[in-house]
Protein chains: 2
Amino acid sequence: MTVITGLTVHDVRFPTAAAGDGSDAINRGDYSATYVVLETGAAQGFGLTFTNGRGNEITCAAVEALKHHVVGHEVEELCTAAGARTLTADVQVRWLGPEKGVVAMAAGAILNAVWDLRARLAGQPMWRLLAELPTADLVAAVDFNHITDALTPHEASAILDQGREGYRERLEQAEELGFPSYTTSVGWLGYDDEKVRALTRQAVKDGWTAVKMKVGGPIDDDVRRAGIIRSELGPGALLMMDANQVWDVDEAIANMERLVAFDPYWIEEPTHADDVLGHAAVQRALGERCKVATGEVAANRVIFKQLLQAGAIGIMQVDACRVAGVGEVLAELLLAAKFGVTVCPHAGGVGLCEYVQHLSFFDYLRVGRSMEGRMVEYVDHLHEHFTDPVRVEGGRYRLPDRPGYSVELRPESVARFSFPGGPVWSA
Amino acid sequence: MTVITGLTVHDVRFPTAAAGDGSDAINRGDYSATYVVLETGAAQGFGLTFTNGRGNEITCAAVEALKHHVVGHEVEELCTAAGARTLTADVQVRWLGPEKGVVAMAAGAILNAVWDLRARLAGQPMWRLLAELPTADLVAAVDFNHITDALTPHEASAILDQGREGYRERLEQAEELGFPSYTTSVGWLGYDDEKVRALTRQAVKDGWTAVKMKVGGPIDDDVRRAGIIRSELGPGALLMMDANQVWDVDEAIANMERLVAFDPYWIEEPTHADDVLGHAAVQRALGERCKVATGEVAANRVIFKQLLQAGAIGIMQVDACRVAGVGEVLAELLLAAKFGVTVCPHAGGVGLCEYVQHLSFFDYLRVGRSMEGRMVEYVDHLHEHFTDPVRVEGGRYRLPDRPGYSVELRPESVARFSFPGGPVWSA
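Scope of this entry: the structure provided in the associated data block. (Residues numbered from 1 in each chain as written. Chains lettered and ligands numbered in written order. Predicted model: local features only at pLDDT ≥ 70, side-chain atom pairs only at ≥ 80, totals over all residues. Heavy atoms only, no water.)

Details of the overall build of chain A
Move 1: Along the backbone of chain A there are 17 helices and 13 strands.
Move 2: Against the compact-globule benchmark of 22 Å for 427 residues, chain A has a radius of gyration of 20 Å, which places it among compact chains.
Move 3: Taking the principal axes of the C-alpha coordinates as reference, chain A spans close to 60 × 55 × 45 Å.
Move 4: A total of 427 residues make up chain A; the buried ones form 67% of that total.
Move 5: Considering only contacts in chain A between residues 6 or more positions apart, those separated by 24 or more positions represent 74%.
Move 6: A total accessible area of about 13200 Å² is found for chain A, and carbon and sulfur atoms account for 51% of it.
Move 7: Across chain A, the centroid of the 39 positively charged side chains sits 2 Å from that of the 58 negatively charged ones. (Helix = DSSP H or I, 4+ residues; strand = E, 2+ residues; numbered from the N terminus. Rg over C-alpha atoms; globule rule 2.2 N^0.38 Å. Buried < 20%, exposed > 50% of the residue type's maximum accessible area, 1.4 Å probe, protein only. Contact = heavy atoms within 4.5 Å. Areas by Shrake-Rupley, 256 points an atom, 1.4 Å probe, with all protein chains shown as cover. Lys, Arg positive; Asp, Glu negative; His and termini not counted. Charge placed at Lys NZ, Arg CZ, Asp CG, Glu CD.)

Now the structure itself:
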């Protein structure tokens, strides 16, 4: 048993707003991280949650408020659902969510750091630690509270047991082929038409066969940009669209009636992320023509459960640190498998690609057991600040091989981009 | 036009946890307030959001992060939906919600203070300011983003115009009769059976004909306590039950099959507050035997919209400061009127009774136009700290008559209970 002896949180911000990188219909931020470092006598663990600039100090404050549940406690215990609930169901702090927003994100940063520490102690990359854990240990990490009407521990065990069959073959496939990916770097709303055209053309040259564009500006602009991107891609490649919640339900349906002309694989966040019934209405209207995708700001397993129960999504976009860490993501992957829905994690931001590659490889190896229609988002920002950055070649993620969850920041980057004291901000 | 020149936030905490006051199946807190004071040259405005102790500093940090949208801006502009959206749709801070959790609560504290200031400048209690505003001004305060599939501005205008009919008669009724109430002080989970019996007996003597008990402990205990309370109440009085989200969906249905024997008027939060479909399943199972109620932690109008669309609730429990202030509450009251669902606001905590009395009187005067089946929750804690506390007589709220929204704390209470520096906490 390993006891955590210290927790430090850093407010790290990258000044991305000025360039328009990451701009979409509702967000224009300085990509930031609430960065957590855990200490034991012998090892460290690293976790983060991604934020969008202003307000990162609030998430840092939430980490401080939950710190006492971790320091002095055992790594293995905190990797169980009961351990995670000391953070997510704290009898006072829970009121501030519950299980959502800043406190869920802070719990995510902390609990991911705990799991990172566990993987490092085991000398394994996170995907392997998870994929090779006994079924009982994985089930014990899932908080089944409020999801048993959709997934029981017994059903989860059956899925995970089945995931042992053919494991070696899938591992060989993963090592050889990597994991399919797509790029979101071609079509931010802050880019003009010529930049979009040039970036799409370059993406095709670089081997990408799937790209995502932002929509949700004036619909005529969206249609024009979709035409540019589709013409550069040709008919065979996948084009995804992301409205970042800007549309009302009826507006989403009307706008997608125009945009389906460009054969989108999915429409992401067509309306408010809280609107399970709204997403279901959009999916019903689009039918087989286009899948609805959401998840990057879905706060917990109860939201994902309903999206699945309502038939609201064809693509589930789990996020590694919007929710309260690895145990919560396990619940979501198992729910997706139960309902037969495709998992394509949300990435981009700061460290999200580094995180979710582990989740998709684990999902392939032990839960969903397929790569068909599945992709991990890729955005080519900020990877240089990580000690173990993703390796994406020819549009595919390579299997990570270093121990841990891959979100350790370079110490010099933490120092340089710390807010407000680091040289980038104090200048 | 009045410009706000300053904003101060105070972390105020009352040490209630030790006594078991306010204890339920998932919460055991030190009732606290993130307390906002606005300044202009001539007047002040007061708002707060209620929290449960630890973590109140996080909500205070969120107020600081939103402060620049208020200081230097006009009161009247901030009372429009466009003004409120400068806080709720901030392109960086929105990521931390969106429109939920700590940042929505902080926006609620601030925007309620803005409306309080407006009411004070007009020399009117909040209920009257709202009830006598032109329809166009009220509609302009509602953020219709993401609810137009359920309520259009045109429909909202029609409801509010209709609310002008019979206004004087209803005002006379409100002045004469006050507003029906119920008490939640008899059945906290922290109280033993004899305390529950004694408190219920006293409540009946004090004129209460409606009381609420907490459930969600061991079901045999819940059944026994329900029996004690119902026997003290007699068959005529209303008994409400509140599970505070502790049950899974199937468990809620099974437990309510036992508890309906005690003829509850409603079951509140029978399962996770995010579970719209779960609440709908419970309401379908209970049918006419018991209404489902929820809302105290519902973060925004999109959640309430879905609860109504799904037929998940018979009682809508709006909270004055969980959501992003008066404009957000207006949306919810109008949605309830559109769907014909009864509004019984959530109160208790710190200042919630003070707040929501205004909302229920306004709803009666201008929106819902009925008191039938409607009640304002009453908990007899902490009113002595307010400069304009509620007046509840014979189980009914009296119409407030002083200007504002009634949540100004006494300066000596702010000083004494400030955390961590006040004498109560530093001792």
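Some thoughts on the nonpolar core
Move 1: Residues Ile 58, Met 241, Leu 259 and Ile 267 of chain A together with Ile 58, Met 241 and Ile 267 of chain B are the most contacted members of the largest nonpolar core, which totals 299 residues.
Move 2: Residues in contact with Ile 58 of chain A, not counting those within four places in the same chain, are Val 102 of chain A together with Ile 58, Ala 61, Ala 62, Ala 65, Leu 96, Val 102 and Val 103 of chain B. (Core = buried A, V, L, I, M, F, W, Y, C linked by side-chain atoms within 4.5 Å.)

Brief notes about the relation of the copies chain A and chain B
Move 1: Overlay of chain A on chain B (RMSD 0.0 Å): rotation 180°, translation along the axis 0.0 Å. In symmetry terms, the pair is related by a two-fold rotation axis. When each C-alpha of chain A is compared by its distance to the rotation axis, Gly 101 of chain A comes out closest, at 2.5 Å.
Move 2: The fraction of interface residues of chain A whose copies in chain B are also interface residues reaches 100%, indicating that both copies meet through the same surface. (Least-squares fit on C-alpha atoms with pLDDT ≥ 70 in both.)

Thoughts on the interface of chain A and chain B
By convention, interface size is frequently given as the accessible area that disappears when the constituent parts associate.
Move 1: Taken residue by residue, the interface counts 63 residues in chain A and 63 residues in chain B.
Move 2: Summing the contributions of chain A and of chain B, the shared interface buries around 5300 Å²; its carbon and sulfur component is 53%.
Move 3: Across the pair Arg 54 of chain B and Asp 90 of chain A runs a salt bridge whose closest N-O atoms are separated by 2.7 Å.
Move 4: Looking at the side of chain A that touches chain B, the elements with two or more residues in it are β3 (44-51), α1 (56-66), α4 (101-122), α11 (249-259), α12 (276-286) and α13 (301-309) of chain A.
Move 5: Examining the composition of the side of chain A that touches chain B, we find that six residues originate from one element, α1 of chain A, more than from any other.
Move 6: Residues of the side of chain A that touches chain B, tallied by class, amount to 26 nonpolar, 21 polar and 16 charged. (Buried area = accessible area lost by both parts, 1.4 Å probe. Salt bridge = Lys/Arg side-chain N within 4 Å of Asp/Glu carboxyl O. Nonpolar A, V, L, I, M, F, W, Y, C, P; charged D, E, K, R; others polar.)

Things to note about the state of the cysteines
Move 1: Tallied over the entire structure, the rule returns zero disulfides over all chains.
Move 2: A disulfide-free cysteine, Cys 321 of chain A has its sulfur positioned 11 Å from the sulfur of Cys 353 of chain A, the nearest such atom.
Move 3: We classify Cys 321 of chain A as buried; its relative accessible area is 1%.
Move 4: This cysteine, Cys 60 of chain B, is not joined by any disulfide, and Cys 321 of chain B carries the nearest cysteine sulfur, 13 Å off. (Disulfide = S-S within 2.5 Å.)

Description of α12 of chain A
Since the α-helix turns once every 3.6 residues, residues separated by three or four places project in the same direction.
Move 1: In terms of burial, α12 of chain A is a largely internal element, eight of the eleven residues being buried.
Move 2: Taken as a whole, α12 of chain A has its buried residues at Val 276, Gly 278, His 279, Ala 280, Ala 281, Val 282, Gln 283 and Leu 286 of chain A.
Move 3: For α12 of chain A, the secondary structure elements touched by its buried residues are α11, β7 (264-268), β8 (291-294) and α13 of chain A together with α13 (301-309) of chain B.

Considering the environment of Tyr 191 of chain A
Move 1: One can find Tyr 191 of chain A in the loop between β4 (179-187) and α9 (193-205).
Move 2: Counting along the chain gives 172 residues from Tyr 191 of chain A to Ala 19 of chain A, while the straight-line C-alpha distance between them is 9.2 Å.

A closer look at the pairing of strand β1 (residues 6-13) of chain A
Residues and elements named next belong to chain A.
Move 1: Taken across its eight residues, β1 has six buried, putting it largely inside the fold.
Move 2: Two elements, β1 and strand β2 (residues 32-39), share eight bridges in a ladder whose sense is antiparallel. Within β2, the residue paired with Val 9 across the bridge is Val 36. (Pairing = 2+ DSSP bridges.)

Here we look at the packing of aromatic side chains
The way to describe two aromatic rings as a pair is by their centre distance and the angle between their planes.
Move 1: All chains considered together, the criterion is met by 22 aromatic pairs over all chains.
Move 2: Centre to centre, the rings of Phe 179 of chain A and Phe 361 of chain A are 5.6 Å apart; their planes meet at 80°, and the pair counts as edge-to-face. Here Phe 179 of chain A is found in strand β4, whereas its partner Phe 361 of chain A is found in helix α15 (residues 352-367), with 182 residues between them in sequence.
Move 3: Among the residues examined, Phe 179 of chain A registers a relative accessible area of 1% and is labelled buried.
Move 4: Where Phe 419 of chain B meets Trp 425 of chain B, the ring centres are 5.4 Å apart and the plane angle is 80°; that geometry is what we call edge-to-face.
Move 5: Relative accessible area serves as the criterion here: at 32%, Phe 419 of chain B is assigned to the partly exposed category.
Move 6: For Trp 425 of chain B, a relative accessible area of 24% translates into the label partly exposed.
Move 7: Following the ring pairs from residue to residue traces out a cluster consisting of Tyr 31 and Phe 50 of chain A together with Trp 95 of chain B.
Move 8: Over the ring of Trp 95 of chain B we find Arg 322 of chain A; its NZ or CZ atom is 4.6 Å from the centre of that ring. (Phe/Tyr/Trp six-rings, centres within 6.5 Å; stacked < 30°, edge-to-face > 60°. Lys NZ or Arg CZ within 6 Å of the ring centre and 35° of its normal.)

Section: the pairing of strand β5 (residues 210-214) of chain B
Residue and element names in this part refer to chain B.
Move 1: Burial of β5 is extensive: five of the five residues sit out of reach of the surface.
Move 2: As paired elements, strand β4 (residues 179-187) and β5 share two bridges and run parallel to each other. Paired with Gly 187 across the two strands is Met 213, which belongs to β5.
Move 3: Looking at chain direction, β5 and strand β6 (residues 238-242) are connected through five bridges and run parallel. Among the inter-strand pairings, Lys 214 is bridged to a residue of β6, identified as Asp 242.
Move 4: Following the chain from β5 across helix α10 (residues 219-233) to the adjacent parallel β6, one finds a crossover that is right-handed. (Right-handed = clockwise from strand over helix to strand, strands pointing away.)

Considerations on helix α14 (residues 326-339) of chain B
All names here are of chain B.
Move 1: With 14 residues, α14 extends 20 Å from end C-alpha to end C-alpha; this agrees with the ideal 20 Å at 1.5 Å per step.
Move 2: With eleven of 14 residues buried, α14 is to be regarded as a mostly interior element.
Move 3: Gly 340 lies just past α14 and shows a positive phi near 70°. (Expected span 1.5 Å × (residues − 1).)

What about the sheet that holds β1 of chain A?
All names here are of chain A.
Move 1: With antiparallel pairing, three strands are arranged side by side in an open sheet as β1-β2-β3. Two strands lie at the open edges of the sheet, namely β1 and β3, each paired on one side alone. Taken over all neighbouring pairs, the strand axes of this sheet differ in orientation by 20° on average, direction set aside.
Move 2: Pairing geometry for β2 and β3, over eight bridges, is antiparallel. Opposite Val 36, over in β3, you have Gly 47 as the bridge partner.
Move 3: The strands touched by α1 within the sheet are β1, β2 and β3, with β1 carrying the most contacts at an inclination of about 175°.
Move 4: Packed on one face of the sheet, α4 meets β1, β2 and β3 and runs near 150° to β3. (Axes fitted to C-alpha atoms, helices over the stretch in contact; angles between N-to-C directions.)

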